[in-house]
Amino acid sequence: MKIAIVGAGLSGLSCAFELKKYGLTPTIFEKSTILGDSLDYVVSNFRIMTKFYTSPRSYFKKTYGLDIIPLGMLKKITMFGPSSKTVVRGKLGYIFKKGLEPYSLENQIAKQVNLPINFDTYVRIDDIREDFDYIVWAAGNNKLSKELGLWTSTFNTYIRISTLTGDFKTNTSTAWFNTEYARNGYAYLTPYSKKNATLTLIVNNITLEELDFYWKEFLGKEQIRYKILETRDVEYMTGLTFPMRLNNIYFVGNSGGLTESCLGCGTINAIESGIIAARCIAKKLDYDELMKKNVNIIKATHEFRKVLNTFDNNDFDKFVTFLGAPGVKQFIYNNPFFKTKDIAQFLKYYNKFTKNNNR
Ligand SMILES: Cc1cc2nc3c(=O)[nH]c(=O)nc-3n(C[C@H](O)[C@H](O)[C@H](O)COP(=O)(O)OP(=O)(O)OC[C@H]3O[C@@H](n4cnc5c(N)ncnc54)[C@H](O)[C@@H]3O)c2cc1C
């Protein structure tokens, strides 16, 4: 069986990891010259957004034999509305490192794959279509899915992501909501050591040229004075690819629309979709069917996104205050069984009733 994997990111590498178990050796193409992200940053995984009830490490180890070690647990999140503040504590999630270090998520998985990667090789679908029995499209973007008419957009943003130096408390994160600099998106700061942190601003429905204005507004309004080491601007779109398998092409990770539109989390789904695509190829299973649970969680979080898209600053203040109310804290953060998908049906009716569906 000849299998190509396009992209040596989280989903592509995870796919290779699983294929190897079945004695299948894929050809892996990567446009970049190195493995891992050249920008230092962290990604968070929130407990209430996942489908499992353990840590991602034990979930992946137990279910798939893949070992991914987080930097640490997320134990405290401070949320600011324009004139409100809420602090929540608990086992809120896990923080992983992206970057070039051996403990970055990509490098951890690559080590367990241990296969050659064709670096510096940008692949177009037509270059390889005839040469492989199966193609796993793990390019981290929606370009091919859009070209093939499989893509539906949900939330279009520009993101400025920066690395900072300063004095930070690890295992924490800070989030800001304010339409004046984030519109219906948000900003967050997550330390990855006592001296370094990632600061990110996500703004929806703007152009790249406008991002600088919103960034300056954000830094000024929130009086952020840390030293910025590096920044990068990224266009980031969330949406759905359907079907996720088209003939012999399997769309995984971001290419499969597997990043949720509420907070932009996609790492867990990227890893799992790569593994499931590999199983489907090896055992001739139905990929769209096996990914249904993950896709339904994404659809559920999109119901939240539709509500957030209608918010003004007054609403964001009410929202932040609501998230800190004692009963809500007990129900959401101190309840290991609470998942966002559980209240999606209610939001779906709300969005229908208030005609939020086209936002
Ligand atoms: C700023 C930022 C912050 C984020 N924060 C979080 C977070 O806190 N929590 C979370 O869960 N998720 C977060 N995410 C999302 C998460 O990083 C992605 O969902 C995940 O990395 C997607 O994995 P992937 O395999 O689809 O794509 P990637 O990991 O991006 O890998 C795609 C790979 O394909 C290569 N490639 C692309 N095109 C080609 C081509 N034509 N030929 C060959 N190679 C190609 C690329 O170079 C890249 O190496 C964040 C993303 C960004 C950008």
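Here, every reference points to the structure presented above.
Residues numbered from 1 in each chain as written. Predicted model: local features only at pLDDT ≥ 70, side-chain atom pairs only at ≥ 80, totals over all residues.

What follows deals with the packing of helix 10 (residues 292-308) against helix 13 (residues 344-353). Geometrically, a packed helix pair is captured by the angle between its two axes and the distance between the axes. Between helix 10 and helix 13, whose axes approach to 9 Å, the crossing angle comes to 40°. Viewed along their axes, helix 10 and helix 13 adopt a mutual orientation that is oblique. Note on packing geometry: the crossing formed by helix 10 with helix 13 is left-handed. In this structure, helix 10 uses Ala 300, Glu 303, Phe 304, Lys 306 and Val 307 to contact helix 13, whose residues at the interface are Ala 344, Leu 347, Lys 348, Tyr 350 and Asn 351. Split into classes, the residues belonging to the contact of helix 10 with helix 13 amount to 6 nonpolar, 1 polar and 3 charged. (Axes fitted to C-alpha atoms, helices over the stretch in contact; angles between N-to-C directions. Helix = DSSP H or I, 4+ residues; strand = E, 2+ residues; numbered from the N terminus. Parallel < 35°, antiparallel > 145°, perpendicular 65-115°, else oblique. Left-handed = near helix turned anticlockwise from the far one by under 90°. Contact = placed C-beta atoms within 7 Å. Nonpolar A, V, L, I, M, F, W, Y, C, P; charged D, E, K, R; others polar.)

The subject of this paragraph is the pairing of strand 11 (residues 196-204). The side chains of a regular strand alternate between the sheet's two faces. Most of strand 11 sits out of view: 7 of its 9 residues are buried. As judged from the 9 bridges shared by strand 8 (residues 151-165) and strand 11, these two strands associate in the antiparallel manner. Residue pairing for strand 11: Thr 165 is matched across the bridge by Asn 196. Two elements, strand 10 (residues 186-191) and strand 11, share 6 bridges in a ladder whose sense is antiparallel. Bridging from a neighbouring strand, Ala 187 pairs with Leu 201 of strand 11. (Buried ≥ 20, exposed ≤ 12 C-beta atoms within 10 Å, placed from the backbone. Pairing = 2+ DSSP bridges.)

Moving on, we get to the packing of helix 1 (residues 10-21) against helix 3 (residues 105-113). Closest axis-to-axis distance for the helix 1/helix 3 pair is 9 Å, and the angle between their directions is 20°. The orientation of helix 1 relative to helix 3 falls into the category roughly parallel. Considering how the two elements wind past one another, helix 1 and helix 3 form a crossing that is left-handed. Across the interface between the two elements, Leu 10, Leu 13, Ser 14, Ala 16, Phe 17 and Lys 20 from helix 1 touch Leu 105, Glu 106, Ile 109, Ala 110, Gln 112 and Val 113 from helix 3. Across the contact of helix 1 with helix 3, the residue classes break down as 8 nonpolar, 2 polar and 2 charged.

By themselves, these are just geometric observations and shouldn't be taken as functional.
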